Protein chains: 4
Amino acid sequence: MVKVGVLGATGMVGQRFIQLLDNHPDFEIAALAASSRSAGKRYEDATTWYLDTPMPDSVKGMEVIETDPAKMSKDVEIVFSSLPTDFAAKVEPAYAKDFVVASNASAMRMKKDIPLVIPEVNPQFLDMIDAQQKANDWDGFIVTNPNCSTIALTLTLKPIYDNFNINRIYVSTMQAVSGAGYNGVPSMAIVDNLVPYIGGEEEKMESESLYLLGELDGSDVKPANFSLSASCHRVAVVDGHTEAVFIELDEEADIDKIKDKMANFKGLPQELDLYSAPKNPVIVKEEDDRPQPRLDRNASGGMAATVGRVRKDNAFDNSFKYVLVGHNTIRGAAGASILNAELINKQIL
Amino acid sequence: MVKVGVLGATGMVGQRFIQLLDNHPDFEIAALAASSRSAGKRYEDATTWYLDTPMPDSVKGMEVIETDPAKMSKDVEIVFSSLPTDFAAKVEPAYAKDFVVASNASAMRMKKDIPLVIPEVNPQFLDMIDAQQKANDWDGFIVTNPNCSTIALTLTLKPIYDNFNINRIYVSTMQAVSGAGYNGVPSMAIVDNLVPYIGGEEEKMESESLYLLGELDGSDVKPANFSLSASCHRVAVVDGHTEAVFIELDEEADIDKIKDKMANFKGLPQELDLYSAPKNPVIVKEEDDRPQPRLDRNASGGMAATVGRVRKDNAFDNSFKYVLVGHNTIRGAAGASILNAELINKQIL
Amino acid sequence: MVKVGVLGATGMVGQRFIQLLDNHPDFEIAALAASSRSAGKRYEDATTWYLDTPMPDSVKGMEVIETDPAKMSKDVEIVFSSLPTDFAAKVEPAYAKDFVVASNASAMRMKKDIPLVIPEVNPQFLDMIDAQQKANDWDGFIVTNPNCSTIALTLTLKPIYDNFNINRIYVSTMQAVSGAGYNGVPSMAIVDNLVPYIGGEEEKMESESLYLLGELDGSDVKPANFSLSASCHRVAVVDGHTEAVFIELDEEADIDKIKDKMANFKGLPQELDLYSAPKNPVIVKEEDDRPQPRLDRNASGGMAATVGRVRKDNAFDNSFKYVLVGHNTIRGAAGASILNAELINKQIL
Amino acid sequence: MVKVGVLGATGMVGQRFIQLLDNHPDFEIAALAASSRSAGKRYEDATTWYLDTPMPDSVKGMEVIETDPAKMSKDVEIVFSSLPTDFAAKVEPAYAKDFVVASNASAMRMKKDIPLVIPEVNPQFLDMIDAQQKANDWDGFIVTNPNCSTIALTLTLKPIYDNFNINRIYVSTMQAVSGAGYNGVPSMAIVDNLVPYIGGEEEKMESESLYLLGELDGSDVKPANFSLSASCHRVAVVDGHTEAVFIELDEEADIDKIKDKMANFKGLPQELDLYSAPKNPVIVKEEDDRPQPRLDRNASGGMAATVGRVRKDNAFDNSFKYVLVGHNTIRGAAGASILNAELINKQIL
């Protein structure tokens, strides 16, 4: 068993880490770090638990420690981070001196030598780690996962990108409120309403998805050579981002072939049979009115993206459209970091 | 005062007709028609009133009549129709023998000689009426308004289409549940959820919007020469459709100029100062997080479309994107038919 | 025209004050006060406007002043306060030296010589004002209105209390999220959920309602001689509190007579024909499934309480039950203070 | 393994039966019956699956049979029924000739010799079965479970009733929309709204709860000797009924003792260690703002009732109040019937 720590352990993504790590066959929670306000308290006393499964007994009595690498036991090998961006930028490098940092924070994404990875999409980016350790003289390293909306989207794009030539993509999201944290979206903003704006989200989707599908050339990434435009919106859904995707290819493609490539897509985590890997990263539904976030977000334990309404776009040549749902705090956050760590554990540690 | 009748008077759009016609300066409700189940009853007894303003006293005691042109008093000049499609296809032509039919039903839209009109967009389509009357030997005629999502979208496209060359449009909608009628969307489908499918809606948006912006050539319409692709979704909002719009032009355009053209757009209803005409058909907001359906649907009594987040689309050349909100049962349904009738009343009757 | 000021003008209740005072026949907004963060700015620039009617043009350009009696023009006669409790406790007395303070804050409610008033229920409590002015040597004075849930409840209790002997009351509320302020309830707490707790609310309902129905004896109030127990809950409704009420009387009463007393109840504001007074403070509905907050909260401009399901309670002797809806930020907050001010303006100023 | 059938298998409660019976250690689904519209189809083709866990593979290919006892294989011992009331009244007795009918329908509840049972509350009512079989000359028999709101309430009342003398109870419910079936509550009725009426629900709660806590005397039931009044309301929650309970006892009771009796309550299912029995039927939370339906409905797999805010009621002598949450389609429906069947399987079959 690899001992792991969780940074930001009392927050919403931190709680997901704890939920998903409970009974994990490879990882064992050995440290929970949070703000100094929580440090010193029993985890149970420091935390308002927001999930609908009970807090695991194993963490209830653990003492929360400060978010300081010096306080982290040397027995710990991997720390999972769901820290706020600014704070992550400061402390994740400090942790990387000694620990593997599997981070869901956006601070270090797409930085030189820091792999931004979805294991099914670009596991080869982990090759950056050597350069990262050398350049910084670190014993540990940092690996990051993309933004929640990007992960679900890119999972579904990968089998398309591998089999067809993509010209352009438009994507319009309908995102769950949990993505903003427990206090992020006031109910006054979302009951009988929606908010057509999520700060920074469109930029992240537009850059991260091309980067993930890009080519690793030494320690540089040459982004995929198509363009993607996003419009991001918050709707009255607790968990599960829904995205409407319009794709133009270079030439006409058969819809059944597209669906087939998506439905049968497998990546390295499936090959390696990683614990959190969904059997199929992309599930294709045939019902007219699916995917729906409440019904499909939990597919494969929240680790698969569900696709539906894959249909020809009659307005444009060589075009098709579809709708996808992905669980934003599982596959789009804590589960993404954990799958990264499982891959690292299998291949690097 | 022109006497008017309402067909489908007990339904949701029928109730909006009654609400909007209450205290109307030009129109006076003289007849309320509904199914035979309601016929013979006092309107108040036949109707479960769903609006948040009280049922007007003037209609409470009116006897509901059957939906049969023979039962309609000859004093009535205009009948407003919110009948179901199939039934509308059968009875609207029968009413047109003697009455002006201002219809919100989709049955007769885009049919030969039947004007599909948004008064700010294509009032000249009313010129079809002569041919319609002659071809059918009718004393009355039928005029229709587009689908709810199309109206709000096309209102915002008109000033763009008039001032720039549009290449392609992608639009993704987040539509209110009232659009499906009172019993249309089960709460199980929409609480903590959304439904990524609305039957027939995408096809209507894709065809009607190009038709409305097209050129009338004799009695034929040459649709606008760009393409539009729609993806339609239902969200947990009572009233007010939100649409994310991506537009590619032929050449680069200044965002401020686009906003200016939208904000200052005026059409014939504004010129003629029609009673239900909004001062500005398109309202442009500068706040990051607007428009929002709950806050913006009622702009100008629900008759204006509100636009926000007009921004350059950096993913593509010559491109920009924006978000719009329009009230689906006012500007998108009953109010649309009434504005059509106001224009007809001013120019034709 | 009486010049008035609004304290807490940028908040949610402050915005309701401005909305309701717009075009008021007796009052004219002459000053808008808010926190020092807003002071000095134009109101339009200082405020994120949350209401679905547009910000009145008349206030857009007004300069927001600090919440300091010294900054308030002496032309102002009445200041409306929606300040937070702690701050209200400090500054409302300071304003009262020179101004009439019509307060929606809870800080001074039920304090000695400070009238807590619902004009239809206990207008005679305004007699405390003389003593208040003398005791404090103030030229102005403070008058308060009750908590939002208490107002709607007590309006419906008054005609019962006047005509029957009440033994005991149980009330269970389902309250709108707007009652907690714009940021008060996170969407994570209310989408597909409810929160069975509102801090301090039950205590306020239990004490204020008996006090309002009590007897004024000199400057003391002898509360009504029955007991009331409340359980308060927050549900996914934007505006409009719903309350389930169980009442035991001393002896059997006819349900029709109870409904009749409620429906025909009139108070002093109706007699004096005050501008904001609803024609009927209590509206009784006969439909099985009413009142509903979305459909009934705006009755009489949000100033009436709507009652339904008035029915015999077969479980207990001499008992009946009903459900009520009242608009929490109109009749339950800003509108309550304004009606108090209208009464004061008519009878005292 | 006991072979079981499900009547009403395509409906919402039918789907819960299938979900809960999947991988059950004692029961194996051998027959799925539904309306003639579905009969003859594969279950997968006949059903729109509404749950957020996937349809079990084992039932996908099963042929749906008609709801006719003659079509039911004689290998089946127990049939679970979630039929509509009227239909249940007709066919459940026909099934009882040969099968054990564990019914969630209300048709046969509280009928002579038909046990209405919550295994933790009144397992001794199963003694009625002998008389039932003799009176009807049936080889099988019918056992029913109460209404969803009654079950959760009565579970929490049992430890109170056993340890204190209850004088009177008032209960006000906030019920989930799933209780009305998938199409039962239109979204127009529940977004930014609630409905203060559920047909027949108050009567069921008022009679069933006293009956369940009553004394079995031969084949008659002497209901518990206190009274209970209910007011029932539908709110925007998918699953999980919340109830506010006010209780007056005969004499003062210590709140901690009440909580202790609830928290430590165990019944026969716990003693017998039945598969679906929650470890603790009543879970007591100490947080101010719990229980909440989204967070607490799934406690113990949805089979426990969660109680919070147990507090003294200062308005009345000898009184206290609390709030409870129970899962309405698990403990309140399918899970209730299954627990009944587990008890019967252990003690009778």
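In this text, all values refer to a predicted model and were calculated from it rather than measured experimentally.

The rules behind the values
Residues numbered from 1 in each chain as written. Chains lettered and ligands numbered in written order. Predicted model: local features only at pLDDT ≥ 70, side-chain atom pairs only at ≥ 80, totals over all residues. Heavy atoms only, no water. pLDDT = per-residue confidence, 0-100. Buried < 20%, exposed > 50% of the residue type's maximum accessible area, 1.4 Å probe, protein only. Helix = DSSP H or I, 4+ residues; strand = E, 2+ residues; numbered from the N terminus. Contact = heavy atoms within 4.5 Å. Buried area = accessible area lost by both parts, 1.4 Å probe. Polar contact = N/O pair within 3.5 Å; in protein donor to acceptor, adjacent residues only side chain to side chain. Nonpolar A, V, L, I, M, F, W, Y, C, P; charged D, E, K, R; others polar. Pairing = 2+ DSSP bridges. Axes fitted to C-alpha atoms, helices over the stretch in contact; angles between N-to-C directions. 1 Å grid on protein atoms, 1.4 Å probe; cavity = no way out; pocket = protein on both sides within 12 Å on 5 of 7 lines; lining within 4 Å. Points joined across faces, edges and corners; volume = space filled by probe spheres on them.

Student: Sorry, what's going on with the confidence of the model for chain A here?
Tutor: Any region with low pLDDT has predicted coordinates that should not be read closely. Scored by pLDDT, chain A has a mean of 97; 100% of the residues are at 70 or more. The ipTM value of the predicted complex is 0.96, and its pTM value is 0.97.

Student: Explain helix α1 (residues 12-21) of chain B here, please?
Tutor: Residue and element names in this part refer to chain B. Taken across its ten residues, α1 has nine buried, putting it largely inside the fold. Those residues of α1 that sit buried are Met12, Val13, Gly14, Gln15, Arg16, Phe17, Ile18, Gln19 and Leu21. Phi turns positive one or two residues past the end of α1, at Asn23, with a value near 65°.

Student: Is there a simple way to think about the interface of chain D and chain B in this case?
Tutor: Accessible area lost upon the coming together of the parts is a frequently used measure of interface size. In this assembly, 15 residues from chain D lie in contact with 15 residues from chain B. Of the roughly 1,400 Å² buried between chain D and chain B, counting both surfaces, carbon and sulfur atoms make up 74%. At the junction of chain D with chain B, the criterion picks out two residue pairs in polar contact (both at pLDDT 80 or more). Taken together, the residues of the side of chain D that touches chain B sort by class into eleven nonpolar, four polar and no charged.

Student: Just checking my understanding: could you explain the sheet that holds strand β13 (residues 305-312) of chain C for this structure?
Tutor: The pairing of strands in a sheet happens through backbone hydrogen bonds and is either parallel or antiparallel. Residue and element names in this part refer to chain C. Pairing within the open sheet is mixed, and its six strands lie in the order β10-β7-β11-β14-β13-β12. Every other strand in the sheet has two partners, leaving β10 (227-231) and β12 (282-284) as the edge strands with one partner each. Taking each pair of neighbouring strands and ignoring which way they run, the sheet shows an average axis angle of 25°. Taken together, the eight bridges between strand β7 (residues 166-174) and strand β11 (residues 241-249) define a ladder with antiparallel strand orientation. From the neighbouring strand, Met174 faces β11, where its bridge partner is Thr242. Running at roughly 155° to β10, helix α7 (residues 201-212) makes contact with β7, β10 and β11 of the sheet. Where helix α8 (residues 255-263) meets the sheet, it contacts β12, β13 and β14 (319-326), and its direction lies at approximately 170° from that of β13.

Student: Mind showing me how you'd approach empty space enclosed by the protein here?
Tutor: Scanning all chains against the criterion turns up six cavities of 30 Å³ or more. Quantified by volume, the largest cavity comes out at close to 150 Å³. Every residue lining the largest cavity is counted, 16 residues in all, and those nearest its centre are Ala236 of chain A, Val191 and Ala236 of chain B, Ala236 of chain C together with Ala236 of chain D. Classifying every residue of the lining of the largest cavity by side-chain character gives twelve nonpolar, no polar and four charged.

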